[in-house]
Amino acid sequence: MLFMRYLIPMTQISKSPYKGCRDLFPKLKREQDYLFSKMREVASLYAYEPYDGPMLELVDLYMAKSGEELINEQIYSFKDRGDRFVAIRPEMTPTVARMVAQVHRETPKPIRWYCIPNLMRYERPQKGRLREHWQFNCDIFGGPEVLSEIEILELIKDLLEHFGATNKHFSILINDRAIVNELFSNVLKVDEQTSYKLYKIIDKSKKLPEQKLEVLMDEILSSEQKANLKKYLSLNSFEEVFSFLDIKSPLRDLIEKVQETELLKYLNYDSSIVRGLDYYTGIVFEVFDLHPDNRRAICGGGSYANLLQIFKESPLQGVGFGLGDVTLRDFLITHDLMPDFTQPDDAILVTYQADEFEKRAAQVSRTFRQAGFGVESNLKPIKTSKAFQLAEKKNYSYLILIEGPEIVFKDLVNKKEVRSQTINDEIWEILN
Ligand code: HAM
């Protein structure tokens, strides 16, 4: 449709952001920047390199392996002006796989990349679920199985520990699709189509009411199969699952390798973790908040062996995770681990009380900026009492009043004052 100004109805235009999206006002943005800075810090501790990709992709990219729920219910898609069917990225994994497919032949393995994209999913907004969120993604391609998974899990543990969290705050719930596949083919003996349906049932098994779950199982399983599936769903330790399905699996190797490490304290077996996205093939996990007021996943991931094949490339194992900024923020706030970002970092408000001091104020501002401090200049004369009100309203830690030959420096947090003709050592000491 062509844009015609006179056709726009004269209704009130809302000031609110689009449903399920946030306006990131400065305090919220400071909080988000804090999350991002820790993400970048920990990613570089593990030598993951930053990358980024486009916000739009062809829908086909997600059709191949992301799963029915994402395609049918969550994707934002439209036809562009050239009749291409495109989507706003709902996740980053297909994009990173597409990018790795272009360069993996000439890039030394393992390839370790990270990114913090914003993603859009058409969800019913609620606590921990929005339509737009930012998601920290780390993926390792072409590394050895099990050791790659351990590295990814340790990176997540280290990240959350960098925020001050411990195993009292979160748990890593883990499972292995190889084990679930064994259940399907050798215990339940179901075909591929039923297996696909069972994945969806298992994925939802903890969220659905018991009766609904029974109905779904009855639709596709005999009573014996159903009894075996229920037995599987009741398993809740590594010992139990390894004796129920006595096979060699990546999860068994992983648990052996992490004995006597800190990581083991965080790992718990959960038979319902299979992950809703179709591309996972091996170990799968979710990081779960243990606080009773915020029982939800803050991060999810796993290993996927076949994503590069959608580009007709040879298989290259990938392992990775996505950790959302909305869920991470809720997690930190719930556990009182979020620092207070009400105030901008150590910024200084410089004010002057009469036109004749304008130049002096500009010079003082320059000096502080050159020393690396953030300075807001008031840019017009202001009465002393108003300067205090302004500093309080804007949460400044430091206020400078230029009302004569002296500089009056106020440390508003520690209630200290320095009066001096110049910016003296006492002032620098307070600031440092
Ligand atoms: P996912 O489980 O769909 O996995 O999302 C990962 C995390 O992103 C979730 O645990 C949650 O923290 C956050 N998240 C997802 N959707 C929303 C939403 N609507 N609102 C707020 N937060 C949300 C993936 O996306 C995989 N691509 C992750 C991955 C990377 N696997 C391998 N590499």
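Sequence order as written defines residue numbering, which begins from 1 separately in each chain. With the structure being a predicted model, the display of local features is reserved for residues of pLDDT at least 70 and the display and counting of side-chain atom pairs for 80 or more, all residues being used for whole-chain, interface and lining totals. Values reported for side chains reflect all heavy atoms of the structure, with hydrogen atoms and water molecules removed beforehand.

Draft legend 1. How the structure looks around the overall build of the chain. Numbering of helices and strands runs from the N terminus, with a helix taken as a DSSP run of H or I at least four residues long and a strand as a DSSP run of E at least two residues long. Of the regular secondary structure elements, the chain holds 15 helices and 17 strands. Each principal axis of the C-alpha atoms in the chain carries an extent, and together these give about 90 × 65 × 50 Å. For the exposure calls, accessible area comes from a 1.4 Å probe over protein chains only, and a residue counts as buried if that area is under 20% of its type's maximum, exposed if over 50%, partly exposed in between. Every one of the 432 residues in the chain was classed for burial, and the buried ones make up 50%. Residue pairs in contact within the chain that sit at least 24 positions apart in sequence constitute 68% of those at least 6 positions apart. Whether two residues are in contact is decided by their heavy atoms: any pair within 4.5 Å suffices.

Draft legend 2. Highlighting the site of the ligand. Near, as used in this document, describes a residue that has one of its heavy atoms within 4 Å of the molecule or strand being considered. As a matter of local geometry, the ligand sits amid 26 residues, with Glu91, Thr93, Leu130, Tyr280 and Thr327 nearest to it. In the analysis that follows, any N or O atom pair within 3.5 Å is treated as a polar contact, provided that within protein one partner can donate a hydrogen and the other can accept it, and provided that, for residues neighboring in sequence, both atoms belong to side chains. Between the ligand and His133, the relevant distance is 3.2 Å, taken from a nitrogen atom to a side-chain nitrogen or oxygen of the residue. One of the side-chain N or O atoms of Asp139 is found 2.8 Å from a nitrogen atom in the ligand. For the shell around the ligand, the elements supplying multiple residues, two or more each, are strand E7 (132-141), strand E11 (297-304) and strand E12 (318-324). The greatest single-element share of the shell around the ligand, amounting to six residues, is contributed by E11. Note on residue classes: Ala, Val, Leu, Ile, Met, Phe, Trp, Tyr, Cys and Pro are nonpolar, Asp, Glu, Lys and Arg are charged, and everything else, Gly too, is polar. Along the lines of polarity and charge, the residues of the shell around the ligand split into nine nonpolar, eleven polar and six charged.

Draft legend 3. Summary view of empty space enclosed by the protein. The pocket and cavity definitions rest on a 1 Å grid over protein atoms only: a 1.4 Å probe that fits but cannot leave marks a cavity, an open set with protein on both sides within 12 Å along at least five of seven lines marks a pocket, and residues lining either have an atom within 4 Å of a point. Grid points are joined across faces, edges and corners, and a volume is the space filled by probe spheres set on the points. Under the defined criterion, the tally for this structure stands at one cavity of 30 Å³ or more. Lining of the largest cavity is provided by Arg22, Leu24, Leu28, Glu31, Gln32, Leu35, Asp325, Val326 and Arg329. Going through the elements one at a time, helix H1 (26-45) and helix H12 (325-334) are the ones with two or more residues in the lining of the largest cavity. Per element, the largest residue contribution to the lining of the largest cavity is four residues, and it comes from H1.

Draft legend 4. Highlighting the layout of surface pockets. Estimated volume of the second largest pocket: approximately 450 Å³. Elements supplying a minimum of two residues to the lining of the second largest pocket: helix H3 (68-74), helix H6 (177-188) and helix H7 (192-204). Taken together, the residues of the lining of the second largest pocket break down into eight nonpolar, seven polar and seven charged.

Draft legend 5. Spotlight on the pattern of salt bridges. A side-chain nitrogen of Lys or Arg and a carboxyl oxygen of Asp or Glu constitute a salt bridge if their distance falls within 4 Å. For the structure shown, the criterion picks out 25 salt bridges. Its salt-bridge partner being Lys27, residue Glu31 comes within 3.2 Å of it at the nearest N-O pair. Here Glu31 pairs with Lys27, and both are found in helix H1, just four residues apart, close to one helical turn. With relative accessibility at 3%, the residue Glu31 sits in the buried group. Glu376 is paired through a salt bridge with Lys394; the nearest N and O atoms lie 2.9 Å apart. Placement of the pair is Glu376 in strand E14 (residues 375-377) and Lys394 in the loop between helix H14 (384-393) and strand E15 (398-402), with a sequence separation of 18 residues. Among the residues examined, Lys394 registers a relative accessible area of 37% and is labelled partly exposed. One network of salt bridges, in which partners are shared, links Glu214, Asp218, Lys226 and Lys230.

Draft legend 6. A look at the environment of Pro292. Turning to its location among the elements, Pro292 is positioned in the loop between strand E10 (283-289) and E11. As for Pro292 and Gln74, which are separated by 218 residues in sequence, their C-alpha atoms are 28 Å apart.

Draft legend 7. Main features of the state of the cysteines. Any two cysteine sulfur atoms lying within 2.5 Å of each other are counted as a disulfide. One pass over the structure, following the stated rule, counts zero disulfides. In this structure Cys115 is a free cysteine whose sulfur lies 9.7 Å from that of Cys138, the closest cysteine sulfur available. For Cys115, a relative accessible area of 1% translates into the label buried. Not engaged in a disulfide, the cysteine Cys138 finds its nearest cysteine sulfur in Cys299; these two sulfurs lie 9.1 Å apart.

Draft legend 8. Quick look at the packing of H6 against H7. Helix axes use the C-alpha atoms of the stretch in contact, all axes being lines fitted to C-alpha atoms, and the angles between their N-to-C directions lie in the range 0 to 180 degrees. Closest axis-to-axis distance for the H6/H7 pair is 11 Å, and the angle between their directions is 125°. One way to sum up the angle between H6 and H7 is to call them oblique. H7 is crossed by H6, and the crossing has right-handed handedness. Packed against H6, whose contacting residues are Arg177, Val180, Asn181, Phe184 and Leu188, the element H7 presents Ser195, Leu198, Tyr199 and Ile202 at the interface. Angles are sorted into four bins: roughly parallel if under 35 degrees, roughly antiparallel if over 145, roughly perpendicular if 65 to 115, and oblique for all others. Here a crossing is taken to be left-handed if its near helix is turned anticlockwise relative to the far helix by less than a right angle, and right-handed if that turn runs clockwise.

Draft legend 9. Structural context of the pairing of strand E13 (residues 348-352). Of all five residues that make up E13, five are buried, and the element is covered over most of its length. Both faces of E13 are covered, namely the face carrying Ile348, Val350 and Tyr352 and the face carrying Leu349 and Thr351. Strand pairing follows a simple DSSP-based rule, namely that at least 2 bridges must link the two strands. Here E13 pairs with E14 via three bridges, running parallel. Paired with Ile348 across the strands is Val375, a residue of E14.

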